[in-house]
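# Structure at a glance
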Amino acid sequence: MVYKALTIAGSDSGGGAGIQADLKTFHQFRVFGMSAITAVTAQNTLGVQGVYPLPIEAIEKQIDSIAVDLPPDAVKTGMLFNEEIIELVARKIKQYGWVRVVVDPVMIAKGGAPLLKQEAVKALQRHMLPLAYVLTPNIPEAEVLTNMRIETLEQRKEAAKKLHDMGVQYVVMKGGHGKGDELVDLLYDGEQFYEWTSQKIYTKHTHGTGCTFAAAITAQLAKGKTAYEAVDIAKRFIQKAIEQTLQIGSGHGPTNHWAFHE
Ligand SMILES: Nc1ncnc2c1ncn2[C@@H]1O[C@H](COP(=O)(O)OP(=O)(O)O)[C@@H](O)[C@H]1O
Ligand SMILES: Cc1ncc(COP(=O)(O)O)c(N)n1
């Protein structure tokens, strides 16, 4: 059986995040990867040097080409950049009845470059959250989406509940931006919280951690795993990928997509 996953996201020329991270992660899990590119970025480990959104028609055509011939078992969205792209992607997901949809609400690159226009946040809330089977915000993204300050674990749980009320089925609150030596990733299914605690790895090579983690969840969902099982494997995947970084580039290097074996 060949499982297929589709990523609808931005291209990272540097290969560590975006479409490239997603495809490498799908491949490592033996899931056949497909892509619809929303924007091309000129990017490396030093930062983002340029952002070029594709024409709406080009994005729509890519999604249609995949849908009619290679229906995906799971779909991931990453950098959607502006309102028009968000509306298109939401419309297409509904049109094709895709349910196993992982929405990674990408907003800014690690170096601070915006990957989502500020005025597009509302569109993301309105159109994408109700379609999210799994939503994977980091702490700053969860703050923007819920319009609340998040410092304590209790506040993170409150934010997860808010996001669930906004239409998300499974909220995965990533803990990479938390303070202290321990990181806690949370999963909320509308009733219960599940926690994954790990030691923070002190490294500057974390370019693409969010994309890679969400792509690992998507690959597992494509294989029919539950949200809990998917997060559990994705957590182990990202842990290894950060522990064994490749030490390439002179800035924030990529994670190692080869490090984890199922
Ligand atoms: N320094 C780190 N050490 C260990 N795990 C990390 C580290 N940074 C991020 N992670 C893990 O990587 C995943 C992505 O986290 P996060 O950094 O919060 O997302 P993003 O890349 O979107 O900002 C989470 O599972 C998080 O726990
Ligand atoms: C095209 C693209 N998409 C997403 C990210 C976010 O990366 P991260 O996973 O480090 O938050 C990025 N830097 N570039």
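What you see is a predicted model, and the numbers here were worked out from it, not measured in a lab.

### A short note on the overall build of the protein
A count of helices and strands for the protein gives eight helices and nine strands. Oriented by its inertia axes, the alpha-carbon framework of the protein measures out at about 45 × 40 × 40 Å. The buried share of the protein, reckoned over its 262 residues, is 53%. Accessible surface, the protein as shown: approximately 11600 Å² in total, 51% of it carbon and sulfur. Taken as two groups, the 27 positive and 28 negative side-chain charges of the protein have centres that lie 2 Å from each other.

### Let's talk about the UniProt feature "domain: Pyridoxamine kinase/Phosphomethylpyrimidine kinase" (unreviewed entry) in the protein
Taken from the UniProt record, the annotation "domain: Pyridoxamine kinase/Phosphomethylpyrimidine kinase" (unreviewed entry) applies to residues 12-256. End C-alpha to end C-alpha, residues 12-256 measures 15 Å, and it is 40% helix and 20% strand.

### Observations concerning the sheet that holds strand 9 (residues 193-199)
Taken in spatial order, the nine strands of this open sheet run 3-2-1-4-5-6-7-8-9, and their pairing is mixed. One side of each edge strand has no neighbouring strand; the edge strands of this open sheet are strand 3 (47-53) and strand 9. In this sheet, strand 9 lies alongside strand 8 (residues 182-188) in antiparallel orientation, the contact comprising seven bridges. Of the residues in strand 9, the one forming a bridge with Tyr188 is Phe193. Lying over the sheet, helix 1 (residues 18-28) contacts strand 1 (4-12), strand 2 (32-44) and strand 4 (74-77), oriented at roughly 150° with respect to strand 1. Packed on one face of the sheet, helix 8 (residues 227-243) meets strand 6 (134-135), strand 7 (170-173), strand 8 and strand 9 and runs near 10° to strand 9.

### Quick notes on the layout of surface pockets
Roughly 1100 Å³ of volume is contained in the largest pocket. For the largest pocket, the lining is made up of 49 residues, of which Lys110, Asn138, His177, Thr209 and Gly210 are closest to its centre. Looking at the lining of the largest pocket residue by residue, the classes come out as 19 nonpolar, 21 polar and nine charged. Reported here for the second largest pocket is a volume of approximately 270 Å³. Lining the second largest pocket we find 14 residues, and of these Ile139, Glu151, Arg156, Gly178 and Lys179 sit closest to its centre. Each residue belonging to the lining of the second largest pocket can be placed in one class, and the counts come to four nonpolar, four polar and six charged.

### Regarding the site of ligand 2
Among the 15 residues in the neighbourhood of ligand 2, the closest are listed as Gln43, Lys110, Gly208, Gly210 and Cys211. One of the backbone N or O atoms of Gly210 is found 3.1 Å from an oxygen atom in ligand 2. Here an oxygen atom of ligand 2 and a backbone polar atom of Cys211 are 3.0 Å apart. For ligand 2, whose unbound accessible area comes to 370 Å², protein coverage reaches 95%. Comparing atom positions with the cavity grids shows ligand 2 to sit within the largest pocket. Contributing elements (two or more residues each) for the shell around ligand 2: strand 1 and helix 7 (209-222). By residue number, the principal contributor to the shell around ligand 2 is helix 7, which donates three residues. Class assignment for the residues of the shell around ligand 2 results in six nonpolar, eight polar and one charged.

Here is what the cut-offs are and how they apply
- Residues numbered from 1 in each chain as written.
- Chains lettered and ligands numbered in written order.
- Predicted model: local features only at pLDDT ≥ 70, side-chain atom pairs only at ≥ 80, totals over all residues.
- Heavy atoms only, no water.
- Helix = DSSP H or I, 4+ residues; strand = E, 2+ residues; numbered from the N terminus.
- Buried < 20%, exposed > 50% of the residue type's maximum accessible area, 1.4 Å probe, protein only.
- Areas by Shrake-Rupley, 256 points an atom, 1.4 Å probe, with all protein chains shown as cover.
- Lys, Arg positive; Asp, Glu negative; His and termini not counted.
- Charge placed at Lys NZ, Arg CZ, Asp CG, Glu CD.
- UniProt positions renumbered as here; feature names shortened; annotations may be inferred.
- Pairing = 2+ DSSP bridges.
- Contact = heavy atoms within 4.5 Å.
- Axes fitted to C-alpha atoms, helices over the stretch in contact; angles between N-to-C directions.
- 1 Å grid on protein atoms, 1.4 Å probe; cavity = no way out; pocket = protein on both sides within 12 Å on 5 of 7 lines; lining within 4 Å.
- Points joined across faces, edges and corners; volume = space filled by probe spheres on them.
- Nonpolar A, V, L, I, M, F, W, Y, C, P; charged D, E, K, R; others polar.
- Near = heavy atom within 4 Å.
- Polar contact = N/O pair within 3.5 Å; in protein donor to acceptor, adjacent residues only side chain to side chain.
- Sits in = over half its atoms within 2 Å of the grid points.

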